[in-house]
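Descriptive structure summary
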Number of protein chains: 4
Amino acid sequence: MPFVYDRVIRFHETDAAGVVYFARLLVLCHEAYEAALATVNIDLQAFFSEAGGVAVPIVHTEADFYQPLRCGDAIAVILVPKRLSLHSFEITYTISSQPLAGNPPDKTSQKPLAWALTRHVCTNLRSRRRQPLTPDLVDWIEAVNALAEPVD
Amino acid sequence: MPFVYDRVIRFHETDAAGVVYFARLLVLCHEAYEAALATVNIDLQAFFSEAGGVAVPIVHTEADFYQPLRCGDAIAVILVPKRLSLHSFEITYTISSQPLAGNPPDKTSQKPLAWALTRHVCTNLRSRRRQPLTPDLVDWIEAVNALAEPVD
Amino acid sequence: MPFVYDRVIRFHETDAAGVVYFARLLVLCHEAYEAALATVNIDLQAFFSEAGGVAVPIVHTEADFYQPLRCGDAIAVILVPKRLSLHSFEITYTISSQPLAGNPPDKTSQKPLAWALTRHVCTNLRSRRRQPLTPDLVDWIEAVNALAEPVD
Amino acid sequence: MPFVYDRVIRFHETDAAGVVYFARLLVLCHEAYEAALATVNIDLQAFFSEAGGVAVPIVHTEADFYQPLRCGDAIAVILVPKRLSLHSFEITYTISSQPLAGNPPDKTSQKPLAWALTRHVCTNLRSRRRQPLTPDLVDWIEAVNALAEPVD
């Protein structure tokens with residue numbers, strides 16, 4: 001099972017067209033990223049406030065919107081990180097409806113509502129240059145991918 | 001036990017002072033309101049898009065901020081609704097740190113981090129006048145308060 | 001003439017009820033506060049990131065919502081700061097429709113759409129205690145109020 | 001001169017890393033889109049609430065982030081729409097610092113801070129199928145591009 005972040009769409013995420021405002025979908029994805037980082041005991045406050053002099057900013061993002069999301073919808077974000085180079089990684093996010101309780105498992109193969117990607121580069125704040133991914137991040141990418149591997 | 005909404009503070013809720021932006025605390029409170037409405041099977045999408053021709057807008061809000069909240073903080077919002085008149089009700093929200101697992105129960109009596117209030121008036125969209133609270137809302141207020149009553 | 005912040009309501013500020021989400025009105029007010037601070041050459045980035053070891057957090061807020069605001073509405077926020085004590089000040093905000101170009105001046109006496117208040121306390125980040133308002137803030141309060149005084 | 005949307009970065013757009021939160025850059029771009037639509041007298045409220053039974057949802061977005069943006073920064077968003085097919089168009093956005101007053105014109109050729117793209121498909125809400133771009137939108141794309149053409 002890959003890492004899944006479950007969430008209910010909230011009213012403040014909708015707009016006057018009655019559906020989730022496009023850019024808020026990327027916020028949902030970042031929330032999934034935060035939840036996934038927390039599973040390996042990365043301190044979110046220190047990590048995101050760049051307390052250790054290392055920043056990991058998003059340098060690129062993309063998203064495709066297939067179906068609108070509405071207030072009260074229960075959604076699941078599946079997150080898959082992938083190392084791209086010594087200094088960088090990307091995360092893909094697939095947003096689907098949460099499978100309803102008691103439904104047969106093949107319901108999980110439903111068509112996604114949206115898809116997104118974020119690309120991150122590890123940066124030393126003192127030198128203002130790229131630096132190799134920290135061991136914490138390397139371990140995190142491996143740990144999240146290990147979750148998704150089939151168990152014999 | 002009163003109704004409690006548990007949440008982790010997310011990065012997008014913080015600002016450049018490193019803490020939750022003041023108005024986002026009211027968003028957290030509204031999320032708790034949505035979660036509480038869902039416990040009595042009120043359809044959130046229909047309710048908030050005012051599908052039935054009835055709106056329940058917030059006409060007043062207040063908040064006190066005692067301590068800053070940071071990314072990754074696990075907080076609990078305790079919500080208490082109270083009917084004010086035939087047409088209106090208010091909700092008070094107390095935001096605290098989530099009691100840590102395994103801690104003695106007196107830890108729950110901790111000082112709140114923030115407090116807020118929202119006042120709501122039931123309005124008929126056709127006549128543009130106040131109307132009595134719908135039975136759904138009257139039942140909801142009772143149901144949430146019944147949760148908080150001590151069991152003999 | 002008091003300090004006025006003009007703004008057009010943007011789509012992301014609306015929700016599925018078709019109007020501005022309640023807490024976003026407080027964001028509009030904070031924008032007016034930022035614009036007003038900039039008129040006396042307070043560096044917004046340094047001020048809000050608390051670079052000088054001084055924070056001026058909002059400890060209390062209140063708002064009344066009289067009429068809904070919609071995407072594309074041109075609004076005006078009138079801001080009035082007032083010193084409350086050695087350490088604190090409050091700001092009141094009155095949100096109205098922008099008077100239409102070419103309209104007679106009495107149109108400006110229109111009924112406000114909303115009203116809000118924020119209360120701020122000057123805090124020393126090292127001692128974590130209240131401290132007197134900085135001279136910059138004292139000057140700012142005076143300057144904004146001087147704008148509003150009638151000219152003989 | 002192409003269409004330019006000028007804006008000051010506000011505190012609520014920053015996060016605990018001290019810079020603009022990545023997804024808020026797309027909100028800035030959508031604001032520029034709204035401002036550009038208003039130049040040809042498209043009614044924003046009717047357009048975005050899909051009053052005429054026609055929706056123009058964003059189906060894809062992309063962004064590149066070159067430099068962080070901070071509270072108080074004065075930025076300029078240059079927007080260029082382009083028709084893609086009978087039913088669809090895309091907009092590219094280039095975000096730069098606002099050229100400082102009194103600076104020589106070549107300052108405007110500065111390196112952008114960010115770049116983004118949104119792709120929009122015209123949809124009939126009744127049939128739930130694609131439909132040709134409305135004449136209003138076709139005219140708008142032409143009008144914005146005409147602005148950018150050099151005058152002999």
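Shown above is the structure to which this text applies.
Quick look at the structure, then. Because the structure is a prediction, the values reported are computed rather than measured.

1. Comments concerning the sheet that holds strand 7 (residues 123-124) of chain C
All names here are of chain C. In space, the 3 strands of this open sheet follow the order 2-7-8, with antiparallel pairing throughout. The sheet is open, and its two edges are formed by strand 2 (54-55) and strand 8 (129-130), each paired on a single side. Sheet analysis places strand 7 next to strand 8, joined by 2 bridges and oriented antiparallel. Paired with asparagine 124 across the bridge in strand 8 is arginine 129.

2. Thoughts on the relation of the copies chain A and chain C
After a rotation of 180° and a shift along the axis of 0.0 Å, chain A superposes on chain C with an RMSD of 0.0 Å. Overall, the copies show the geometry of a two-fold rotation axis. It is aspartate 15 of chain A whose C-alpha, among those of chain A, lies nearest the rotation axis, at 1.9 Å.

3. A word on the relation of the copies chain D and chain A
For the pair chain D and chain A, the relating rotation is 180°, the translation along its axis is 0.0 Å, and the fit reaches an RMSD of 0.0 Å. Mapped onto chain A, 100% of the interface residues of chain D are again interface residues, and the two copies thus contact each other with one and the same surface.

4. Focus on the nonpolar core
Counting residues in each nonpolar core, the largest one holds 94 residues, and the members touching the most others are Tyr33, Leu79 and Trp140 of chain A together with Tyr33, Leu79 and Trp140 of chain D. Contacts of tryptophan 140 of chain D, omitting those with residues within four sequence positions, involve Tyr33, Ala36, Leu37, Val40, Ile42, Leu79, Pro81, Phe89 and Ile91 of chain D. One finds Ile9, Tyr21, Phe22 and Ile75 of chain B within the second-largest nonpolar core, a separate group that totals 93 residues.

5. Notes on the pattern of salt bridges
Residue and element names in this part refer to chain A. Applying the stated criterion across every chain, the model contains 16 salt bridges over all chains. A salt bridge links arginine 7 to glutamate 13, with the nearest nitrogen and oxygen atoms 2.7 Å apart. The network of salt bridges with shared partners includes Arg7, Glu13 and Glu31.

6. So, the packing of aromatic side chains
Scanning the model with the defined rule gives 35 aromatic pairs over all chains in all. Between phenylalanine 47 of chain A and phenylalanine 48 of chain A, the ring centres sit 4.9 Å apart and the planes meet at 90°, which makes this aromatic pair edge-to-face. According to the relative accessible area criterion, phenylalanine 47 of chain A is buried, its value standing at 17%. Residue phenylalanine 48 of chain A is classed as buried on the basis of its relative accessible area of 7%. One aromatic cluster is present, formed by Phe11 of chain A, Tyr33, Phe47, Phe48, Phe89 and Trp140 of chain B together with Tyr21, Phe22 and Phe65 of chain C through successive ring pairs. Directly above the ring of tyrosine 66 of chain A sits lysine 111 of chain A, whose terminal nitrogen or CZ lies 4.7 Å from the centroid.

7. Some points on the packing of helix 1 (residues 22-38) of chain B against helix 1 (residues 22-38) of chain C
It is at 9 Å that the axes of helix 1 of chain B and helix 1 of chain C come closest, and there the two elements cross at 180°. In terms of orientation, helix 1 of chain B and helix 1 of chain C fall into the roughly antiparallel class. Judged by residue contacts, Phe22, Ala23, Leu26, Val27 and His30 of chain B of helix 1 of chain B engage Phe22, Ala23, Leu26, Val27 and His30 of chain C from helix 1 of chain C. For the contact of helix 1 of chain B with helix 1 of chain C, a count of residues per class yields 8 nonpolar, 2 polar and no charged.

8. Side note on the pairing of strand 6 (residues 114-121) of chain B
Each regular strand shows side chains that alternate between the opposite faces of the sheet. Residues and elements named next belong to chain B. With respect to burial, strand 6 is a largely interior element, 6 of its 8 residues being buried. Summarising the sheet, strand 5 (residues 88-97) and strand 6 pair through 8 bridges and their orientation is antiparallel. From the neighbouring strand, glutamate 90 faces strand 6, where its bridge partner is arginine 119.

9. Brief notes about the sheet that holds strand 3 (residues 58-65) of chain D
What the 10 strands build is an open sheet, ordered 1(A)-4(A)-5(A)-6(A)-3(A)-3(D)-6(D)-5(D)-4(D)-1(D); its pairing is antiparallel. Either end of the sheet is taken by a strand with one partner, and the two such strands are strand 1 (3-8) of chain A together with strand 1 (3-8) of chain D. On average, each strand axis in the sheet is tilted by 15° relative to the strand beside it, whichever way the strands run. Where helix 3 (residues 135-148) of chain A meets the sheet, it contacts strand 1, strand 4 (74-83) and strand 5 (88-97) of chain A, and its direction lies at approximately 125° from that of strand 4 of chain A.

Thresholds applied
Every chain is numbered independently, its residues counted from 1 as its sequence is written. Key to labels: chains lettered from A, ligands numbered from 1, both in the order written. The predicted nature of this model means local features are confined to residues of pLDDT at least 70 and side-chain atom pairs, given and counted, to a pLDDT of 80 or more, with totals for whole chains, interfaces and linings taken over all residues. For the side-chain quantities, the full set of heavy atoms in the structure was used; hydrogens and water were omitted. Note: two strands are recorded as paired if DSSP finds a minimum of 2 bridges between them. Per the convention used, a helix needs a DSSP run of H or I reaching at least four residues, while a strand needs a run of E reaching at least two, with both numbered from the N terminus. Superposing copies: least-squares fit, C-alpha atoms only, residues required to have pLDDT of at least 70 in both. By the convention used here, residues are in contact when the closest approach between their heavy atoms is within 4.5 Å. Buried Ala, Val, Leu, Ile, Met, Phe, Trp, Tyr and Cys residues form a nonpolar core when they are joined through side-chain atoms within 4.5 Å. Per-residue accessibility, obtained with a 1.4 Å probe over protein chains only, is compared with the maximum for each type, and a residue is labelled buried under 20%, exposed over 50%, and partly exposed between these values. For this document, the term salt bridge refers to a Lys or Arg side-chain nitrogen within 4 Å of an Asp or Glu carboxyl oxygen. Note on aromatic contacts: the rings of Phe and Tyr and the six-membered ring of Trp form a pair at centre separations within 6.5 Å, being stacked when their planes are under 30 degrees apart, edge-to-face when over 60 apart, and tilted otherwise. Two limits define a charge over a ring: the Lys NZ or Arg CZ must be within 6 Å of the ring centre, and within 35 degrees of the ring normal. Note on definitions: angles span 0 to 180 degrees between N-to-C directions of axes, and those axes are lines fitted to C-alpha atoms, for helices only across the stretch in contact. An angle counts as roughly parallel when it lies under 35 degrees, as roughly antiparallel when it exceeds 145, as roughly perpendicular when it falls between 65 and 115, and as oblique in every other case. Gly is placed with the polar residues, together with every amino acid not listed as nonpolar (Ala, Val, Leu, Ile, Met, Phe, Trp, Tyr, Cys and Pro) or charged (Asp, Glu, Lys and Arg).

Scope: geometric values only; no functional claims are made or implied.
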